[in-house]
Amino acid sequence: MGQPKERILIVDDEKNIRLTVSYTLQPLGYQVETAVNGEEALHKLKEASYSLVLLDLRMPGMDGMQLLRHIARDYSDVPVAIITAHGTVENAVDAMKLGAIDFIRKPFTPAELRDLVAAILERRQMLATAQRDYAGLLTLVKHLISVRQFDEAGRYAKEAVGRDPSRPEAFNLLGVLHRLLGHEGDAQKNFRVALDLDPAYQPARENLSRTADPVRRHEAPNLG
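In this text, all values refer to a predicted model and were calculated from it rather than measured experimentally.

Draft legend 1. Focus on the sheet that holds strand β4 (residues 80-84). The strand order across the open sheet built from five strands is β2-β1-β3-β4-β5, with neighbouring strands paired in parallel fashion. Only two strands of the sheet have a single partner each, and these edge strands are β2 (31-35) and β5 (102-105). Averaged over all adjacent pairs, the angle separating strand axes in this sheet is 20°, with direction ignored. As defined by bridge partners, β4 adjoins β5 across four bridges and the pair is classed as parallel. Considered in β5, the bridge of T84 is made with R105. Those strands touched by helix α3 (residues 64-74) are β1 (7-11), β3 (52-56) and β4, and its axis lies near 155° from that of β3. Packing of helix α5 (residues 110-129) onto the sheet brings it into contact with β1, β3, β4 and β5, and relative to β5 it is tilted by some 175°.

Draft legend 2. Expanded view of the packing of helix α8 (residues 169-180) against helix α9 (residues 184-197). Across the interface, α8 lies against α9 with an axial gap of 7 Å and an inter-helix angle of 165°. Overall, the two elements α8 and α9 adopt an arrangement that is roughly antiparallel. Considering the relative orientation of α8 and α9, their crossing is left-handed. Between α8 and α9, the contacting residues are F171, N172, L174, G175, V176, H178 and R179 on the first element and E184, D186, A187, N190, F191, V193, A194 and L197 on the second. When grouped by side-chain class, the residues that make up the contact of α8 with α9 number eight nonpolar, four polar and three charged.

What counts and what doesn't
- Residues numbered from 1 in each chain as written.
- Predicted model: local features only at pLDDT ≥ 70, side-chain atom pairs only at ≥ 80, totals over all residues.
- Heavy atoms only, no water.
- Pairing = 2+ DSSP bridges.
- Helix = DSSP H or I, 4+ residues; strand = E, 2+ residues; numbered from the N terminus.
- Axes fitted to C-alpha atoms, helices over the stretch in contact; angles between N-to-C directions.
- Contact = heavy atoms within 4.5 Å.
- Parallel < 35°, antiparallel > 145°, perpendicular 65-115°, else oblique.
- Left-handed = near helix turned anticlockwise from the far one by under 90°.
- Nonpolar A, V, L, I, M, F, W, Y, C, P; charged D, E, K, R; others polar.

Here it is in structure tokens:
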């Protein structure tokens, strides 16, 4: 099968979950390692590099939220996806505020898990290889919007503005992000900045028109 594509760490105190994830991902060529609690996971993170951590929130000893804080502080380049049980989705949302990038609910199917892992690693690869010129940043922002990674998209949109504040495209994308987050006033401001820079820039004109029309507010935004 060749060399494993990526190393993935599963952190869960439930043996059946560790086995299920391992059996699902190993045939795809991933190198899968496991930890039964936060302490063991931290030890493994110190010893090796990982492309992804799949993390349960409820564990004895150091729980998932405590471990996530350690990862955010010391291993911020390692993406973390949360494994959450029914009824704890709110906790998963809190975890995403601390830096987790996605979550999957138990019970999950092998296909759901494979799709989640593939999407996360694809995004990671794209972030690693993306061109940091203005056009490359715009492409990256649009991709991140499409997978609903709005915080990351906002950071790169602002970076694009810093690269060339005289162009309208990045301001339009910032407006789109504010709209998706429900910040209509900020969205309108960015669309107007885009139009001030280029009155002929049609995506910003369309988006601004939609913010003022209750009937059109639910239309898909024009990313340009």
